[in-house]
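# Inside the fold
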Amino acid sequence: MRENTNVTTNQNYLIGRTRQEGITTTTMGNLGGEENMRDYRIKDTLILACDHGYGNIKSCHSVFKASAEVSETAPIFSKDYVKFEDKYYVIGEGHKSFLADKIADDDYYILTLVAIAKELALRGLKEAKIHLAVGLPLKWVKAQRDSFKAYLLRNRYVNFEYREKEYLVEIAGCTVMPQCYSAVAENLKDFKGLNMLVDIGNGTMNIMYLNDGRAMENKSWTEKFGVNQCSIRIRNAVLNETGTHLMDDVIENFLRTGKADVEEPYASLIRNAAAEYVSEIFDKLKDYEYNDKLMKLHFMGGGCKLVETVGQYNVDRTFFIKDICATAKCYEYYCYMGLRRQNQNH
């Protein structure tokens, strides 16, 4: 594969190149100086990823809460809202309940539009033809792939507003991939020997084995044991011991950073509840034959920092993929390679 690499700091770098096929790498100052943004294109179509978590939505360069509160009128204070089909959706306020089937309401469709808008805004674009790269939990992808794809492709042409800017998007296609595996697909050659991958999201925990970089079809599982279970335990522990209702923001900050700006006894209650949850994670991994002397262990997802902070593990054989956007970034690569092979075969 020939990689076409161009480096510039111009946010409007796509002007005049909208039909360039391949991979374009660009240094974007508003992403933090030296961070590179890769564009994957098939003909005139830009591939954009959205990692639909139960707690957070991730694109390649953004993270925001998986919450969309609908209203018939524009919000008074918030500018972080979508206007679509004469309704207003405030983003990131409130908490979305766990739904195993993500097409049960319109929330994930609206949240997908937000992810698209955020990525287009980084490129200085308000119009684009795109192909969505998305994923589902390992053991649910076969059963839910077609319905989730139809859900996201319900409108070929979408006109909407986000943060008071209007966008016109043609959604030309959608590829639905397995979570966990997709997050490492670009680097499979680096996984020598036997490796266990553990992707801990808000609602689910995906587990799978790689043997010399090859996925083992009969060695993958999805557990409803995401970090929301830890949140519930922390909240109950504090309530039972002190009678205090702990704010969600305090819990979320701890889960994200491993730190809580609170005094005793709250600090110990939070940490002890989290440690019990992480201990149960390792118990579950042992149910799936995890043995630190025989394999390496790799954690990713929203629960990665929690395990690193309070877990008991073999530091020489346990690794953490800390980029919360890693799955979205690999969705784009995995999707691009798949579409490229399809084009070569026709």
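On a predicted model such as this, the values are computed, not experimentally measured, just so you know.

## Quick notes on unusual backbone geometry
The peptide bond linking Glu264 to Pro265 adopts the cis configuration, its omega dihedral lying at 5°. Locating Pro265 in the fold gives a position in the loop between helix H4 (248-257) and helix H5 (266-287). A positive phi angle is found at Cys180, which is not glycine, with a value near 75°. Checked against the element boundaries, Cys180 lands in the loop between strand E12 (165-178) and strand E13 (194-200). Taking the relative accessible area as the measure of exposure, Cys180 reaches 0% and is therefore buried.

## Things to note about the pattern of salt bridges
Tallying each qualifying case throughout the model produces 17 salt bridges. Among the salt bridges present, the one from Glu119 reaches Arg123, with a minimum N-O distance of 3.0 Å. Residues Glu119 and Arg123 agree in their burial class; the two are buried. Salt-bridge contacts for Glu308 lead to Lys322; the nearest nitrogen and oxygen are separated by 3.0 Å. Here the residue Glu308 occupies a position in helix H6 (residues 304-310), and Lys322 occupies one in the loop between strand E17 (318-320) and helix H7 (326-345), the gap between them amounting to 14 residues. Glu308 gets classed as partly exposed once you look at its relative accessible area, which sits at 21%. Within the structure, one salt-bridge network assembled from shared partners comprises Asp39, Glu119 and Arg123.

## Re the pairing of strand E8 (residues 81-84)
Where E8 and strand E9 (residues 87-91) come together, four bridges link them in antiparallel fashion. When the bridges of E9 are listed, Tyr81 appears paired with Val90. Hairpin connection from E8 to E9: two residues lie between these consecutive antiparallel strands, with Glu85 at a positive phi of about 50°. Where E8 and strand E11 (residues 157-162) come together, two bridges link them in antiparallel fashion. Note that in E11 the partner of Lys83 across the bridge is Glu161.

## Brief notes about the confidence of the model for the protein
Averaged over every residue, the pLDDT of the protein is 89; residues scoring 70 or more account for 89%. Predicted confidence for residues 1-19 stays below pLDDT 50, and this span has 44 contacts to residues more than four positions away or in other chains.

Thresholds applied
- Residues numbered from 1 in each chain as written.
- Predicted model: local features only at pLDDT ≥ 70, side-chain atom pairs only at ≥ 80, totals over all residues.
- Heavy atoms only, no water.
- Helix = DSSP H or I, 4+ residues; strand = E, 2+ residues; numbered from the N terminus.
- Buried < 20%, exposed > 50% of the residue type's maximum accessible area, 1.4 Å probe, protein only.
- Salt bridge = Lys/Arg side-chain N within 4 Å of Asp/Glu carboxyl O.
- Pairing = 2+ DSSP bridges.
- pLDDT = per-residue confidence, 0-100.
- Contact = heavy atoms within 4.5 Å.

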